[in-house]
Amino acid sequence: MSQAIGNTTLAYARVWHHVDASDRVLGKLAERIALVLMGKHKPIYDPSVDCGDYVVVTNARSIKVTGKKEEQLLYRKHTMFPGGLKETPYKVMKEKRPEEIIRHAVSGMLPKNKLRDRRLERLKVFSGHRMGIVGGNILRTFEDGTLPETFNVHEPQTSKTLKALREKQEQQKAQEA
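Residues numbered from 1 in each chain as written. Predicted model: local features only at pLDDT ≥ 70, side-chain atom pairs only at ≥ 80, totals over all residues. Heavy atoms only, no water.

Some remarks on the overall build of the protein chain
Working step 1: Helix and strand counts for the protein chain come out as 7 helices and 6 strands.
Working step 2: When the helices and strands of the protein chain are read in sequence order from the N terminus, they spell out α-β-α-β-α-β-β-α-α-α-β-β-α.
Working step 3: For the protein chain, with 177 residues in total, the buried portion stands at 36%. (Helix = DSSP H or I, 4+ residues; strand = E, 2+ residues; numbered from the N terminus. Buried < 20%, exposed > 50% of the residue type's maximum accessible area, 1.4 Å probe, protein only.)

Comments concerning the sheet that holds strand β2 (residues 54–58)
Working step 1: Read across the sheet, 4 strands follow the order β5-β2-β1-β6 without closing on themselves; strand pairing throughout is parallel. The open sheet terminates on both sides in strands that have one partner only, identified here as β5 (123–125) and β6 (140–141).
Working step 2: Inspection of the sheet shows β2 paired to β5 by 3 bridges, in the parallel sense. What sits directly across from V55, in β5, is L123.
Working step 3: Helix-sheet contacts for helix α2 (residues 26–38) involve β1 (16–20), β2 and β5, and the interaxial angle to β2 is about 155 degrees. (Pairing = 2+ DSSP bridges. Contact = heavy atoms within 4.5 Å. Axes fitted to C-alpha atoms, helices over the stretch in contact; angles between N-to-C directions.)

Side note on helix α5 (residues 98–109)
Working step 1: Here α5 is 12 residues long and its end C-alpha atoms lie 18 Å apart, about the 16 Å a rise of 1.5 Å per residue gives.
Working step 2: By the burial criterion, the buried members of α5 are P98, I101, I102, A105, V106 and S107.
Working step 3: Those residues of α5 that are buried lie in contact with α2, β2, β3 (74–78), α4 (90–96), α6 (116–121) and β5. (Expected span 1.5 Å × (residues − 1).)

A short note on the layout of surface pockets
Working step 1: Approximately 260 Å³ is the volume attributed to the largest pocket.
Working step 2: As for the largest pocket, its lining consists of Y75, R76, K77, T88, V92, M93, K96, R97, E100 and H104.
Working step 3: Elements with a minimum of two residues in the lining of the largest pocket: β3, α4 and α5.
Working step 4: Class assignment of the residues belonging to the lining of the largest pocket gives a composition of 3 nonpolar, 2 polar and 5 charged. (1 Å grid on protein atoms, 1.4 Å probe; cavity = no way out; pocket = protein on both sides within 12 Å on 5 of 7 lines; lining within 4 Å. Points joined across faces, edges and corners; volume = space filled by probe spheres on them. Nonpolar A, V, L, I, M, F, W, Y, C, P; charged D, E, K, R; others polar.)

A few points about the pairing of strand β4 (residues 85–89)
Working step 1: Strand direction decides the pairing type here: β3 and β4, joined by 5 bridges, are antiparallel. Opposite Y75, over in β4, you have T88 as the bridge partner.
Working step 2: Counting the residues that bridge the hairpin from β3 to β4 gives 6 residues, and of these M80 lies at a positive phi of roughly 70 degrees.

Some details on α2
Working step 1: The terminal C-alpha atoms of α2, which comprises 13 residues, lie 18 Å apart, in line with the 18 Å expected from a rise of 1.5 Å per residue.
Working step 2: Those residues of α2 that sit buried are L26, L29, A30, I33, A34, V36, L37 and M38.
Working step 3: As for α2, its buried residues are in contact with β1, β2, β3, α5, α6 and β5.
Working step 4: Once α2 finishes, G39 follows within two positions and takes phi at roughly 90 degrees, a positive value.

Topic: the environment of L110
Working step 1: When you line up the elements, L110 lands in the loop between α5 and α6.
Working step 2: L110 gets classed as buried once you look at its relative accessible area, which sits at 2%.
Working step 3: With 75 residues separating them in the primary sequence, L110 and L35 have C-alpha atoms 8.2 Å apart.
Working step 4: In this structure L110 touches A34, L37, M38, R116, R119 and L120, once residues within four positions along its chain are discounted.

As for the pattern of salt bridges
Working step 1: In this structure the tally under the stated criterion is 9 salt bridges.
Working step 2: Among the salt bridges present, the one from D50 reaches R14, with a minimum N-O distance of 3.9 Å. With D50 in the loop between α2 and β2 and R14 in the loop between α1 (7–12) and β1, the pair connects residues that are 36 residues apart, well separated along the chain.
Working step 3: The exposure class of D50 is buried, given its relative accessible area of 10%.
Working step 4: The residue D53 makes a salt bridge to K42 at a minimum N-O spacing of 2.9 Å. In this pair, D53 sits in the loop between α2 and β2 while K42 sits in the loop between α2 and β2, placing the two residues 11 residues apart along the sequence. Here the two residues D53 and K42 agree in accessibility, since each one is buried. (Salt bridge = Lys/Arg side-chain N within 4 Å of Asp/Glu carboxyl O.)

Put into structure tokens, the structure is as follows:
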């Protein structure tokens, strides 16, 4: 039996993706995140294998919904005691726990099987632009799959600093041209 590590090891390697949820529509964003968590963007995708990547979502507090969902959407949970059904409107949930809105939407878009909880563990959601120590792991942004050339792993990263790095890089290219 061969002990050599082939190209499949690199294909199964997990990458960290950054998503800025500012002014993004909840359903479309959750669908895209679910595809990355499942690994459908990779050529080695198999429904029975957990080959997805990590996803870090920032600015969950400024997510948008379409239509009348802001008034009509309810989040339900049960305490398992008689009469223990708790309903929380979207507006209250957005103020108190905005990260749970995205987690709930992504959870509904993942397949209902044994891999669902493991995939949801790789989803990191932050209500503001600060992502703490997790920011050093990010390798790709969601828009075009790249990061600025001046990206430094050792500096604390937020969605605002990543945006500033990208704008600075674009200004340098414009000056060179």
